[in-house]
Amino acid sequence: MSACNGSSSQSKPAATPTKSQKTASSFVPPEELWELNNQGVAYMERFDMGGGFENAVPVFEEIVRRWPEWMPGKFNLAVAYLNAFRDDAHHDQAERLLREVIVADDQDAKAHYTLGFLLKYRNRSDEAKPHFEKVCFELKPDDAHSWLRLGDCLADSASADSE
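Residues numbered from 1 in each chain as written. Predicted model: local features only at pLDDT ≥ 70, side-chain atom pairs only at ≥ 80, totals over all residues. Heavy atoms only, no water.

Asker: It is not clear to me how the overall build of the protein should be interpreted in this structure. Could you clarify?
Answerer: Assigned secondary structure in the protein consists of 8 helices and 0 strands. Ordered by position from the N terminus, the helices and strands of the protein form the series α-α-α-α-α-α-α-α. At a minimum sequence separation of 6, the contacts of the protein that also span at least 24 residues come to 57%. Accessible surface computed for the protein: about 8400 Å², of which carbon and sulfur atoms make up 51%. (Helix = DSSP H or I, 4+ residues; strand = E, 2+ residues; numbered from the N terminus. Contact = heavy atoms within 4.5 Å. Areas by Shrake-Rupley, 256 points an atom, 1.4 Å probe, with all protein chains shown as cover.)

What follows is the structure, given as structure tokens:
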């Protein structure tokens, strides 16, 4: 499963704090956090070589353990879980993390998209739909992937209605 992870090889996190996260918190990430985050992102970028997401998981788990208030760490861990594992337990953990990110910042388009993606993947289109609607109609109206996923949810609803 591939989700929107926004990863890159920059010296910034895969999930960059949004404006509201920056102003709502006085937390200043220490250099060690950035170094760990960059290591985790580098692992995620190696997905095509095998083991990249699996190697990223313990790095992001360490970040979340040590800096639980840093939402980009939770987002990155959720993305790593989604891509490294196919079992319900890890998907449940990813869902919990993404919901925490959204509670901290309801304007986080990547978190809404990724949670919607996970819910759709788990055949919970009715729950996924509001997350895609939020991205499409409020946060990133030009995001084609969100519109596609919203369309998938609407098609699922139409199919369920016709049965």
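Asker: It is not clear to me how the nonpolar core should be interpreted in this structure. Could you clarify?
Answerer: Generally speaking, soluble globular proteins have nonpolar side chains that are buried together. Of all hydrophobic cores here, the largest spans 40 residues; its most connected members are Met 44, Phe 60, Ile 63 and Leu 77. Counting residues per element, this core draws most heavily on helix 4 (residues 71-84), at 9 residues. (Core = buried A, V, L, I, M, F, W, Y, C linked by side-chain atoms within 4.5 Å. Buried < 20%, exposed > 50% of the residue type's maximum accessible area, 1.4 Å probe, protein only.)

Asker: Help me understand the pattern of salt bridges, please; the structure alone is not making it clear to me.
Answerer: Side chains carrying opposite charge are able to pair once their charged atoms draw close together. Counted under the stated rule, the structure contains 17 salt bridges. A salt bridge links Lys 120 to Asp 156; the shortest N-O distance between them is 2.7 Å. Note that Lys 120 is positioned in helix 6 (residues 109-121) and Asp 156 in helix 8 (residues 144-162), a separation of 36 residues in sequence. Looking at Asp 156, the relative accessible area reads 29%, which means it is partly exposed. A salt bridge links Glu 133 to Lys 129, with the shortest nitrogen-to-oxygen separation between them at 3.8 Å. Note that Glu 133 and Lys 129 are positioned in helix 7 (residues 125-139) at a spacing of 4 residues, about one turn of the helix. (Salt bridge = Lys/Arg side-chain N within 4 Å of Asp/Glu carboxyl O.)

Asker: Is there a simple way to think about unusual backbone geometry in this case?
Answerer: Among all residues except glycine, the phi angle is most often negative; among peptide bonds, the trans geometry is most common. The residue Asn 123 is not glycine, and still its phi comes out positive at about 60 degrees. Following the sequence through the fold, Asn 123 ends up in the loop between helix 6 and helix 7.

Asker: Looking at this structure, I do not really get the packing of aromatic side chains. What am I missing?
Answerer: Working definition: an aromatic ring pair is given by the centre-to-centre distance plus the angle between the planes. On inspection of all chains with the given rule, the structure shows 5 aromatic pairs. Considering the side-chain rings of Tyr 81 and Phe 85, the 6.3 Å spacing of their centres and the 50 degrees angle between planes classify their relative orientation as tilted. Relative accessible area serves as the criterion here: at 4%, Tyr 81 is assigned to the buried category. A relative accessible area of 23% means that Phe 85 is categorised as partly exposed. (Phe/Tyr/Trp six-rings, centres within 6.5 Å; stacked < 30°, edge-to-face > 60°.)

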